[in-house]
Amino acid sequence: MSDRFSAFSFVDRITALDAGRRARARFAIPATLPAFPPCLVVEAIGQLACWVAMAEAGFQQRPVAALSRETQIVGDAAPGAVLDLGVEIERCDPDAVTYGGWARVGDAHILELGRCVGPMLPLEDFDAPEAVRGDFETLCGPGARPGRFPGIQAPDLSLIDHIPGRRLRAALRVPEAAPFFGDHFPRRPVFPASLLLDAQIRLALQLAAEALPPGRRLRAARVADVKMRAFILPGHAVEIEVGLRSATNAAAELTLAATVEGLRVSTGRIEIVSREPA
């Protein structure tokens, strides 16, 4: 069984495949983890879509994250749960893959993705094509070894600027080396967009807490119009900015942006909802 599935692989087994059109898969979240944040559920769905696209391209090309129009975060994925993943491919050609997807735990919807687009790039720039083909055969057959994901330590955020209730800016230093680069990607390490999203959600929750009624439970409910404009590489210093766009007693909408060396690398919007404590 391949040992290439390690620190950043969130598909254990592909359980159904309609080549180039749709797929189903499962991922068992290790019970030993302290949490499994929504950003990793997004990553799991994206990885399943990537497997479908790479197989359709004969393992000559692979998609990379670029655009996600709609992410609905409906529920939580707890450690010990089994994610049931699904993707529907709207388009897959040498230029790009367009897809939507979902994740469930049992009968409960956890997260839904809509109108995601990933441009296709040469696979050999990121990984060894024959090794990737072998990994795909493992996933479609016996599956990868479960329980292999050890968790990820979220990069620290350093405050740059803070206007309470209006704006928050922080710096994130991408490590020069990290276990997740072994999967993302062996030949061309790239900081995962899903981990950037996790940092942005943390900042958005902090800023939204200043604009919404105190004492309530806050959670990210929707992320929209996310666009990755450039790769974030090992060692990069990323400046993240979250700005309040509007707020009511029940929800706040915020803008998201990230820059590297003064160049905008990511934009998006997020909705934080407020609820009475249980």
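The structure presented is a predicted model; accordingly, all values stated were derived computationally and were not measured.

This part takes up the overall build of the chain. Check the secondary structure of the chain and you find 3 helices and 13 strands. The C-alpha radius of gyration of the chain comes to 18 Å, within 12% of the 19 Å expected for a compact globule of 278 residues. Projected onto its principal axes, the C-alpha coordinates of the chain cover approximately 50 × 45 × 35 Å. Per-residue burial over the chain gives 49% buried out of 278 residues. In the chain, the share of contacts with a sequence separation of at least 24, taken over all contacts with a separation of at least 6, comes to 71%. Accessible surface for the chain amounts to roughly 12,700 Å². Of this, 50% is attributable to carbon and sulfur atoms. Each charge class in the chain was averaged separately, 31 positive and 33 negative side chains, and the resulting centres sit 4 Å apart.

Per the counting criterion, the structure on display carries 13 aromatic pairs. Note on Phe180 and Phe191: the rings are 6.0 Å apart at their centroids and 65° apart in plane angle, and the pair reads as edge-to-face. Of this pair, Phe180 sits in the loop between β9 (167-173) and α3 (193-211) while Phe191 sits in the loop between β9 and α3, and the two are 11 residues apart along the sequence. Residue Phe180 is classed as buried on the basis of its relative accessible area of 6%. In textbook terms, an aromatic cluster arises when at least three aromatic residues are bridged by ring pairs, as seen for Phe8, Phe10, Phe27, Phe36, Phe149, Phe180, Phe181 and Phe191. Here the guanidinium or amino end of Arg104 rests over the ring plane of Trp102, the centre of that ring lying 3.9 Å away.

A few words on the packing of helix α1 (residues 38-56) against helix α2 (residues 129-140). Across the interface, α1 lies against α2 with an axial gap of 11 Å and an inter-helix angle of 120°. On the basis of their axis angle, the class for α1 and α2 is oblique. Crossing handedness for the pair α1 and α2: left-handed. On the side of α1, the interface is formed by Trp51, Met54 and Ala55, while α2 contributes Val132, Asp135, Phe136 and Leu139.

Below, the discussion takes up the environment of Ala55. Structurally, Ala55 is set in helix α1. A C-alpha to C-alpha distance of 7.7 Å links Ala55 and Arg133, two positions 78 residues apart in sequence.

The next point concerns the pattern of salt bridges. In total, this model carries 16 salt bridges according to the counting rule given. Between Glu130 and Arg133 there is a salt bridge, with its nearest N and O atoms 3.6 Å apart. Placement of both Glu130 and Arg133 in helix α2 is noted, with a separation of 3 residues, approximately one turn of the helix. The closest approach of N and O atoms between Arg202 and Asp198, which form a salt bridge, is 3.7 Å. Highlighted residues: Arg202 and Asp198, both in helix α3, separated by 4 residues, approximately one helical turn. A residue is classified by how much of its surface remains accessible, and Arg202, at 33% relative accessible area, is partly exposed. By relative accessible area, which is 17% here, Asp198 ends up buried.

Definitions and limits used
Residues numbered from 1 in each chain as written. Predicted model: local features only at pLDDT ≥ 70, side-chain atom pairs only at ≥ 80, totals over all residues. Heavy atoms only, no water. Helix = DSSP H or I, 4+ residues; strand = E, 2+ residues; numbered from the N terminus. Rg over C-alpha atoms; globule rule 2.2 N^0.38 Å. Buried < 20%, exposed > 50% of the residue type's maximum accessible area, 1.4 Å probe, protein only. Contact = heavy atoms within 4.5 Å. Areas by Shrake-Rupley, 256 points an atom, 1.4 Å probe, with all protein chains shown as cover. Lys, Arg positive; Asp, Glu negative; His and termini not counted. Charge placed at Lys NZ, Arg CZ, Asp CG, Glu CD. Phe/Tyr/Trp six-rings, centres within 6.5 Å; stacked < 30°, edge-to-face > 60°. Lys NZ or Arg CZ within 6 Å of the ring centre and 35° of its normal. Axes fitted to C-alpha atoms, helices over the stretch in contact; angles between N-to-C directions. Parallel < 35°, antiparallel > 145°, perpendicular 65-115°, else oblique. Left-handed = near helix turned anticlockwise from the far one by under 90°. Salt bridge = Lys/Arg side-chain N within 4 Å of Asp/Glu carboxyl O.

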